[in-house]
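Each chain, letter by letter, is given below.
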Amino acid sequence: MKIKSARVVVTCPGRNFVTLKIETDTGLTGLGDATLNGRELAVASYLSDHVIPALIGRDAQAIEDIWQYLYRGAYWRRGPVTMTAIAAVDVALWDLKAKQAGLPLYQILGGACRTGVMVYGHANGANIAETIEEARRYQAMGYKAIRLQSGVPGLASTYGVSTDKLFYEPASAILPVENLWSTVKYLPTVPRLFEAAREALGWDVHLLHDVHHRLTPIEAGRLGKELEPYRPFWLEDPTPAENQASFRLIRQHTTTPLAVGEVFNSIWDAKQLIEEQLIDYIRATVVHAGGVTHLRRIATLADLYGVRTGCHGATDLSPVSMGAALHFDLSTPNFGIQEYMRHTAETDAVFPHAYRFEAGDLHPGDAPGHGVSIDEDLAAKFPYRPASLPVNRLEDGSMWNW
Ligand code: GCO
Ligand code: MG
């Protein structure tokens with residue numbers, strides 16, 4: 001089975017998605033997601049200008065060799081653009097291999113080792129009461145795990161709070177919107193939110209929270225400690241993770257489980273965090289961390305150290321990524337949880353898929369491959385629209401992490 005052609009499809013059914021479609025001489029096609037929020041065209045160019053020409057004529061079954069060719073063969077290794085492009089090729093090739101075998105991808109990856117993939121949904125509101133009302137809606141839909149994000153008194157906006165409750169989308173204007181941040185205002189609100197949530201929702205539901213890289217390590221230690229009585233499932237991205245050793249400081253102060261890595265693109269970003277057991281969940285995803293091939297390597301390392309997976313699954317990851325992630329989740333022994341932000345009806349129509357939600361779990365379905373396709377005629381009706389993620393400033397005007 002040789003690669004005959006490949007092309008990049010950019011579409012915007014509500015938000016931008018970049019998809020790689022690989023066609024083989026046997027007539028089979030494979031799909032990979034190449035979406036990098038706010039940097040879509042950089043990956044599209046990397047694929048069209050540098051990767052696709054090198055793929056034509058190769059054996060589509062040689063997934064590992066092609067991965068090594070694109071990774072080792074690029075003198076300028078790693079980085080989100082390169083690794084997202086490699087991921088798109090990798091996922092499309094796994095899709096092809098499973099289709100060729102006539103099996104759902106999870107069977108090729110070793111078979112199911114659980115009955116379903118536990119997911120968490122996003123409850124958010126302008127204040128604590130609204131967030132809890134949302135969380136009740138998620139509970140009623142059957143979710144076993146819910147992320148709580150609430151507005152902060154005194155701040156006009158904050159990460160994770162949106163008007164459109166099911167489809168949070170932070171990328172908007174052509175140039176980044178500027179948000180204002182205050183750690184002093186934020187810090188006391190989270191324990192209050194969790195206290196109110198436990199009172200209203202009980203203890204039978206997992207509760208999560210995303211700090212979105214905004215604290216210093218010692219502030220993160222304090223927040224983790226203050227949340228301990230409410231038994232959070234995890235505290236996510238408490239601080240930026242370029243300095244992996246800084247998580248030692250957080251660990252010294254709290255037993256609240258930590259989840260990190262949605263922005264990671266390689267095993268090297270997480271090596272120390274995993275080997276020193278500084279985190280509990282690794283958030284790397286198929287699309288931004290080099291595909292199924294590389295994510296499996298990260299998960300295998302994590303398994304040695306008792307770290308479980310908790311793959312990123314925001315709406316900027318296309319249904320193709322969600323499909324591939326679910327096959328990975330179902331067949332990975334140290335799976336922990338999968339993030340699941342629902343896509344809009346337009347997005348679901350452009351990407352028909354076999355996965356389904358049932359009683360708090362997602363299941364990838366049993367269609368051959370990863371089970372997600374693209375309706376290219378419909379995709380063409382939604383042309384690309386430039387959009388950027390916001391930036392953050394402190395109240396004195398200095399730049400901060402968004
Ligand atoms: C999450 C993430 C997202 C990111 C988004 C950026 O935990 O789901 O933090 O909401 O902000 O994916 O593109
Ligand atoms: Mg996050």
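Everything numeric here is computed off the predicted structure, so don't read it as measured data.

With respect to the domain arrangement of the protein chain
Domain assignment breaks the protein chain into domain 1 (3-104) and domain 2 (117-367). Between domain 1 and domain 2, the C-alpha centre-to-centre distance is 26 Å. Listed by partner, the interface residues are 29 residues for domain 1 and 33 residues for domain 2. Across the domain 1/domain 2 interface, buried area totals approximately 2300 Å², and carbon plus sulfur atoms make up 59% of it. Where domain 1 meets domain 2, there are three salt bridges. Across the pair D269 and R78 runs a salt bridge, and its minimum N-O distance is 3.3 Å. On the surface where domain 1 and domain 2 come into contact, there are 13 residue pairs in polar contact (both at pLDDT 80 or more). Where the side of domain 1 that touches domain 2 is concerned, the elements lending two or more residues are β2 (17-24), β3 (29-33), α2 (63-72) and α3 (80-101). Looking at side-chain class alone, the side of domain 1 that touches domain 2 contains 16 nonpolar, eight polar and five charged residues.

Some remarks on the packing of aromatic side chains
With the rule as written, the count across this model stands at twelve aromatic pairs. Consider the rings of Y138 and Y143, whose centres lie 5.0 Å apart with planes at 70°: the pair is edge-to-face. What makes Y143 buried here is its relative accessible area of 4%. With 5.8 Å between their ring centres and 80° between their planes, Y159 and W402 make a pair best called edge-to-face. Placement of the pair is Y159 in the loop between β5 (145-150) and β6 (178-181) and W402 in the segment after β16 (399-400), with a sequence separation of 243 residues. Neither residue differs from the other here; Y159 and W402 are each classed as buried. Through pairs of rings, three or more aromatic residues link up here, namely Y120, F233, W234 and Y281. Positioned over the ring face of Y69 is R58, at 4.0 Å from the centre of the ring. Lying over the aromatic face of W67, R297 brings its terminal NZ or CZ to 6.0 Å of the ring centre.

Considering the coordination of the magnesium ion (ligand 2)
Distances from the magnesium ion (ligand 2) to its protein donors, namely D210 (OD), E236 (OE) and E262 (OE), fall within the range 2.0 to 2.2 Å. Considered as a linear motif, the donors of the magnesium ion (ligand 2) on their single chain read D-x25-E-x25-E. You can see D210 sitting in strand β7 (residues 206-210) and its partner E236 sitting in strand β8 (residues 234-236), a full 26 residues away along the chain. Taking relative accessible area as the criterion, E236 reaches 0% and is therefore assigned buried.

A short note on empty space enclosed by the protein
Summed over the entire model, instances satisfying the criterion amount to three cavities of 30 Å³ or more. The computed volume of the largest cavity comes to approximately 100 Å³. If you trace the largest cavity, you find 15 residues lining it, with Q149, S150, T158, Y186 and H209 closest to the centre. Of all the elements in the fold, those that place two or more residues in the lining of the largest cavity are β5, α7 (189-201) and β7. With three residues, the top contributor of residues to the lining of the largest cavity is α7. Considering only residue class, the lining of the largest cavity consists of seven nonpolar, six polar and two charged.

A word on the sheet that holds β2
The antiparallel open sheet is built from three strands, whose spatial order is β1-β2-β3. With partners counted over all chains shown, the strands left at the sheet margins are β1 (3-11) and β3, one partner each. Going across the sheet, the axis of each strand differs from the next one's by a mean of 20°, ignoring polarity. As judged from the five bridges shared by β2 and β3, these two strands associate in the antiparallel manner. Bridge assignment links I22 to a residue of β3, and that residue is G30.

Cut-offs applied
Residues numbered from 1 in each chain as written. Chains lettered and ligands numbered in written order. Predicted model: local features only at pLDDT ≥ 70, side-chain atom pairs only at ≥ 80, totals over all residues. Heavy atoms only, no water. Domains from an automatic or database assignment. Contact = heavy atoms within 4.5 Å. Buried area = accessible area lost by both parts, 1.4 Å probe. Salt bridge = Lys/Arg side-chain N within 4 Å of Asp/Glu carboxyl O. Polar contact = N/O pair within 3.5 Å; in protein donor to acceptor, adjacent residues only side chain to side chain. Helix = DSSP H or I, 4+ residues; strand = E, 2+ residues; numbered from the N terminus. Nonpolar A, V, L, I, M, F, W, Y, C, P; charged D, E, K, R; others polar. Phe/Tyr/Trp six-rings, centres within 6.5 Å; stacked < 30°, edge-to-face > 60°. Buried < 20%, exposed > 50% of the residue type's maximum accessible area, 1.4 Å probe, protein only. Lys NZ or Arg CZ within 6 Å of the ring centre and 35° of its normal. Donors = N, O, S within 2.8 Å, 3.2 Å for Na, K, Ca; no water. 1 Å grid on protein atoms, 1.4 Å probe; cavity = no way out; pocket = protein on both sides within 12 Å on 5 of 7 lines; lining within 4 Å. Points joined across faces, edges and corners; volume = space filled by probe spheres on them. Pairing = 2+ DSSP bridges. Axes fitted to C-alpha atoms, helices over the stretch in contact; angles between N-to-C directions.

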